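A structural walkthrough
The chain contents come next:
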Amino acid sequence: PGGRARVGAVDGASRRHENRRAQRGAAVLMALFVATLATLIVSGLFWNQFVLLRTIENQQLVTQSRLLLRGALDWARAILRDDQRNPTDNLDEPWATGLAETRLDQLGETSALAAQATMSGSVEDAQSRLNLRNLIRSDFEIDQYERDSLRKLCSVLDLPEAIADLVALQMREALAPRAEEAEGRAGDPAKPRPIPLVLPEDLLAVPGVDPAHALKLAPYVVVLDMPTPVNLNTAREEVVAARFPRMSLSEAKSFVADRDRTYFVNTGDTRIARHRNNGEPTDTQISVATRYFIVRGQVKLDRASTRMEALVRRGDTQQLPVRVLWQREL
């Protein structure tokens, strides 16, 4: 019996020892779990704080970039207003020279951001494109010459000529007053008036026009607030060919190459006259000067890169401001 008692005591002591070891192991695991949980919570708090700070910094950078872009737009407007003294607009003038990516401190800026920010930009003659507003006459009927010009442009670009008819109908539907409106009656709510085109990319919304065709045509057209002539000093060969009823694309390329050597001073230039057909295009359909320009700019500031595009209209004299008709961020 004494031996069994000693064995039992040894077994009890062994079990108590194992229990204490198990308890210590559980305590260690609990401590590790609590430490891990605390680390995750603290890391999450730090990460959220980091994201918040970075978001605020990015918003600040974007705001500063927009302010710089506004300054770039004002700079372009000043150049265009100063250029008003010239009777013609051509690709040899200062406005037509694009600004390559340049640090602001190289442009004379002395602010703290000048060494960190870069700016680039360009100005395009909006009247170097076909103006879709020309499609609709003052009596809200479709102008046949303008529609034929757009049809020829589509043909030159290997696009269906029927696009011109669809665009002309859309423009007339959007601009012409309806009979019930003229009589002061409410229109049919089931047939709302289509929204007028504003941007070349709005061609995507014209029913029946394939999106791929609309995107290919967009760089050659513009939508202005009034009918305008095409500036032959800046138009691309596709637009020049479209403007002259009997001019081929190869002739237009030669025409543009000759113009780039010596720009046109007036529409009476013999190089222009020999391509006219029965007086078309008239002096109201072509010109050698312009009032509408597309200004583009980009500012890079640290992590932020902001791009802008604006349509501006120049006044008849230097005393009148260069108005911004619309501006958008790209």
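About the criteria used
Residues numbered from 1 in each chain as written. Predicted model: local features only at pLDDT ≥ 70, side-chain atom pairs only at ≥ 80, totals over all residues. Heavy atoms only, no water. Buried < 20%, exposed > 50% of the residue type's maximum accessible area, 1.4 Å probe, protein only. Helix = DSSP H or I, 4+ residues; strand = E, 2+ residues; numbered from the N terminus. Pairing = 2+ DSSP bridges. Contact = heavy atoms within 4.5 Å. Polar contact = N/O pair within 3.5 Å; in protein donor to acceptor, adjacent residues only side chain to side chain. Core = buried A, V, L, I, M, F, W, Y, C linked by side-chain atoms within 4.5 Å. Expected span 1.5 Å × (residues − 1). Salt bridge = Lys/Arg side-chain N within 4 Å of Asp/Glu carboxyl O. Phe/Tyr/Trp six-rings, centres within 6.5 Å; stacked < 30°, edge-to-face > 60°. pLDDT = per-residue confidence, 0-100. Arc of directions from axis to C-beta.

1. Description of the pairing of strand β2 (residues 117-125)
For β2, the tally of buried residues reaches seven of nine residues, placing the bulk of the element in the interior. Sheet topology places strand β1 (residues 99-103) next to β2; three bridges connect them, and they run antiparallel. Counterpart to R103 in the pairing with β2 is T118. As paired strands, β2 and strand β7 (residues 292-301) are joined by nine bridges and run antiparallel to one another. Bridging from a neighbouring strand, M119 pairs with V299 of β7.

2. Quick look at the environment of T290
Along the polypeptide, T290 turns up in the loop between β6 (286-287) and β7. The exposure class of T290 is buried, given its relative accessible area of 5%. Between the C-alpha atoms of T290 and A126, which are 164 residues apart in sequence, the distance is 8.0 Å. What T290 contacts, discounting residues up to four positions off in sequence, is D89, D125, Q127, N231 and R314. Engagement of the side chain of T290 in a polar contact is seen with the side chain of D125, the distance being 2.7 Å.

3. Describing the nonpolar core
Counting residues in hydrophobic clusters, the biggest one holds 40 residues, and the most contacted among them are L132, L150, L153, V167, L203, L217 and V240. With five residues, helix α3 (residues 162-175) is the largest single contributor of residues to this core. For L132, the contacting residues outside a window of four places in its chain are L150, V167, M171, L197, L203, V221, V222 and V223.

4. Describing helix α2 (residues 144-156)
The terminal C-alpha atoms of α2, which comprises 13 residues, lie 18 Å apart, in line with the 18 Å expected from a rise of 1.5 Å per residue. Among the residues of α2, those classed as buried are Y145, E146, S149, L150, K152, L153 and C154. The N-capping residue of α2, defined by a side-chain oxygen 3.0 Å from the backbone nitrogen of Y145, is D143. Positive backbone phi, approximately 60 degrees, marks D158, located one or two places after α2.

5. Regarding unusual backbone geometry
Here the amide bond leading from E280 into P281 is cis, since omega sits at 0 degrees, within 30 degrees of zero. Relative to the assigned elements, P281 resides in the loop between α8 (270-273) and β6. We note that D158 has phi near 60 degrees; this positive angle belongs to a residue other than glycine. Classification of D158 by relative accessible area gives exposed; the value is 66%. Phi at N278 takes a positive value of approximately 55 degrees, unusual for a residue other than glycine. You can see N278 is positioned in the loop between α8 and β6. A relative accessible area of 75% means that N278 is categorised as exposed.

6. Re the pattern of salt bridges
Summed over all chains, the structure comprises 22 salt bridges. The shortest N-O distance in the salt bridge between D74 and R77 comes to 3.3 Å. One end of the pair, D74, and the other, R77, are both in helix α1 (residues 2-82), three residues apart, so they sit about a helical turn from each other. According to the relative accessible area criterion, D74 is partly exposed, its value standing at 39%. Between R271 and D269 there is a salt bridge; the shortest N-O distance is 3.0 Å.

7. Considering the packing of aromatic side chains
Following the criterion strictly, the structure yields three aromatic pairs and no others. Ring geometry for F255 versus F264: centroids 5.1 Å apart, planes at 40 degrees, classification tilted. There is no split in this pair, since F255 and F264 are both buried. An aromatic cluster is built from F244, F255 and F264, whose rings are joined through pairwise contacts.

8. Some words on the confidence of the model for the chain
Summing up the model confidence of the chain, the mean pLDDT is 85 and the portion of residues at 70 or higher is 81%. Mean pLDDT per element in the chain: helix α4 (residues 179-182) is the minimum at 56, and strand β5 (residues 230-231) is the maximum at 98.

9. Re α3
Taking 1.5 Å of rise per residue, 14 residues should cover 20 Å, and α3 covers 20 Å from first to last C-alpha, within 8% of that figure. Within α3 the residues assigned to the buried category are I163, A164, V167, A168, Q170, M171 and A174. For α3, the angular spread of the buried residues around the axis is 160 degrees, confining them to a single face. Buried residues along α3 sit in contact with α2 and α5 (211-217).

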